[in-house]
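Spelled out from the first residue to the last, the chains are:
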Amino acid sequence: MKVNGRHFRTIWLKEGAGKRAVQIINQQILPHQFEILDLCTVADIVRAIKDMYVRGAGLIGATAAYGMYLAAYEAGEKAFRADIENSARLLKATRPTASNLAWAVDAMLTALDLPGAGLAEKRKTALETAEKIADSDAECCRRIGEHGRGIIEKIAEKKNGEAVNILTHCNAGWLAFVDYGSALSPVYAAFERNIPVHVWVDETRPRNQGASLTAWELAEQGVPHDLIPDNAGGHLMQHGMVDMVITGADRVTRRGDAANKIGTYLKALAARENNVPFYVALPSSTFDFTMLDGVAEIPIEERDAGEVRFISGKTSGGAIETVQICPDKSPARNWGFDVTPARYIMALISERGICEASEEGIGALYSEGNSLNFF
Ligand code: MRU
């Protein structure tokens, strides 16, 4: 997508003069500064995922895939398999909730299972597979946009030229993937076709991915939007100011329970109470067909309490600073995600199409289930 009118992906490879670096947009300092970082080792990649220089389900997966590509260069010839399996373990341990991470690392391990092949061939395969995973992520998101646009178009037909009001939570735009995004891809596709849209952007405490990333993305693409406090959604729905909700997902079970950024569940409850359709958009790599009951089974990341106790932003002088917002003695807890049960989800939008959030609905689109191989 565009930054200052120039096309960027969120991750790409820079190679030359015997040097290789994975380049990323530093999401820790957006929207105040736009910075590109070089990640040159597996340790750099582990830190970038853990400390959220990159974040969002699809981008975490693609970054881990490039991490495995770097692992293939760090591995010794004799202990190649043991070395890359060790890197795989380190990468998988960075963040627990998004299924794309383990999926991408496992896909790299499978592709690198090349008994008899030399080091050069293994490294070449590592590069090709990582690029394929990144390209597939972008293409899946583009197609999610095409499918989701139809839903927005239908609502627009009934609004006599008035904008379709779409509420979203967290950031499931292009910054959360390699390109396009999941929840925001239908919005971009509709906007491109001149369908009037307007987005209510939840700020998304504690890390404010809505305020700092979703709002920035939408502003860069010129999409009309307003930032709202996390607690405003219910009020807007009661007053007919939300036509639909679209969120992304970090892991979706085979019956359609969806883990997404903390607070999503409350939006789904408010949407049901107010008859507002609630959609979840995801690429296939976000499904976890080994799980059924999302509330019981999906691991929920608990992050540092400091993310709740402190907040950072730009001062009037332009410096980025962090301030404490609670008493010195107050502890805090910080769960990163919650699970919205399938019964609150109107439909799932994936690159394969739109389906009911149920075992039957998902099964009709994904008959291969666990043996899914789509890139
Ligand atoms: O903790 P993050 O920023 O990596 O959170 C993940 C997310 O961006 C959201 O939960 C998002 O809506 C789904 S990921 C596309």
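Reading the values: the criteria
- Residues numbered from 1 in each chain as written.
- Predicted model: local features only at pLDDT ≥ 70, side-chain atom pairs only at ≥ 80, totals over all residues.
- Heavy atoms only, no water.
- Pairing = 2+ DSSP bridges.
- Helix = DSSP H or I, 4+ residues; strand = E, 2+ residues; numbered from the N terminus.
- Contact = heavy atoms within 4.5 Å.
- Axes fitted to C-alpha atoms, helices over the stretch in contact; angles between N-to-C directions.
- Salt bridge = Lys/Arg side-chain N within 4 Å of Asp/Glu carboxyl O.
- Buried < 20%, exposed > 50% of the residue type's maximum accessible area, 1.4 Å probe, protein only.
- 1 Å grid on protein atoms, 1.4 Å probe; cavity = no way out; pocket = protein on both sides within 12 Å on 5 of 7 lines; lining within 4 Å.
- Points joined across faces, edges and corners; volume = space filled by probe spheres on them.
- Nonpolar A, V, L, I, M, F, W, Y, C, P; charged D, E, K, R; others polar.
- Lys, Arg positive; Asp, Glu negative; His and termini not counted.
- Polar contact = N/O pair within 3.5 Å; in protein donor to acceptor, adjacent residues only side chain to side chain.
- Near = heavy atom within 4 Å.
- Areas by Shrake-Rupley, 256 points an atom, 1.4 Å probe, with all protein chains shown as cover.
- Sits in = over half its atoms within 2 Å of the grid points.
- Domains from an automatic or database assignment.

Caption draft 1: Quick look at the sheet that holds strand S13 (residues 287-288). Spatially, S13-S10-S11-S16 is the arrangement adopted by the 4 strands of the open sheet, whose pairing is mixed. The open sheet terminates on both sides in strands that have one partner only, identified here as S13 and strand S16 (337-340). The sheet contact formed by strand S11 (residues 258-261) and S16 spans 4 bridges and is antiparallel. Residue pairing across strands places Asn 260 opposite Asp 338, the latter belonging to S16. Along the sheet, helix H9 (residues 264-273) makes contact with S11 and S16, crossing S16 at roughly 30°.

Caption draft 2: Local environment of the pattern of salt bridges. A complete count under the given rule lists 23 salt bridges for this structure. In this structure, Arg 149 engages Glu 146 in a salt bridge whose closest nitrogen and oxygen atoms are separated by 2.8 Å. With Arg 149 and Glu 146 both in helix H5 (residues 119-157) and 3 residues apart, the pair spans about one turn of that helix. In this structure Arg 149 comes out as buried when scored by relative accessible area, which is 10%. Between Arg 303 and Glu 307 there is a salt bridge, with the nearest N and O atoms lying 2.8 Å from each other. Here the two residues Arg 303 and Glu 307 agree in accessibility, since each one is buried. Taken together, the shared-partner salt bridges connect Arg 95, Arg 207, Glu 301, Arg 303 and Glu 307 into one network.

Caption draft 3: Inspection of the layout of surface pockets at higher detail. Considering only enclosed or pocket space, the largest pocket measures out at about 580 Å³ in volume. Residue lining of the largest pocket: 24 residues in total, with Gln 28, Pro 206, Arg 207, Asn 208 and Ser 312 positioned closest to the centre. Taken together, the elements giving at least two residues each to the lining of the largest pocket come down to helix H7 (209-221), helix H11 (306-309), strand S14 (310-314) and strand S15 (320-324). Its residues assigned to classes, the lining of the largest pocket shows 10 nonpolar, 10 polar and 4 charged.

Caption draft 4: Just unusual backbone geometry, in detail. Look at the link from Leu 30 to Pro 31: it is a cis peptide, with omega at 5°. Mapped onto the secondary structure, Pro 31 falls in the loop between strand S4 (19-25) and strand S5 (36-39). That bond from Arg 205 to Pro 206 is cis: its omega, 5°, falls within 30 degrees of zero. As for its placement among the helices and strands, Pro 206 is situated in the loop between strand S7 (197-202) and H7. If you check the backbone angles, Asn 4 has positive phi at about 55° while not being a glycine.

Caption draft 5: A look at the side chain of Glu 351. Looking at where Glu 351 falls in the secondary structure, it is placed in the loop between strand S17 (347-350) and strand S18 (353-355). Buried charged residue Glu 351 carries no salt bridge. Nearest counter-charge: Arg 352, at 4.9 Å. Side-chain polar atoms of Glu 351 contact the side chain of Ser 284, separated by 2.3 Å.

Caption draft 6: Broad picture of the sheet that holds S5. With antiparallel pairing, the 3 strands of this open sheet are ordered in space as S3-S4-S5. Each having just a single partner strand, strand S3 (11-16) and S5 make up the two edges of the open sheet. Strand-to-strand twist of the sheet, defined as the mean angle between neighbouring strand axes without regard to direction, takes the value 30°. For S3 and S4, the ladder comprises 6 bridges, and the chain directions are antiparallel. The residue of S4 that forms the bridge with Leu 13 is Val 22.

Caption draft 7: Focus on the site of the ligand. The immediate surroundings of the ligand are formed by 16 residues, with Arg 55, Arg 95, Asp 250, Asn 260 and Lys 261 found nearest. Coverage of the ligand by the protein amounts to 100% of the 400 Å² it exposes when considered alone. Of the pockets mapped on this structure, the ligand occupies the largest cavity. Across the shell around the ligand, the residue classes break down as 8 nonpolar, 4 polar and 4 charged. When residues of the shell around the ligand are sorted by domain, at least three fall in each of domain 1 (2-136) and domain 2 (145-371).

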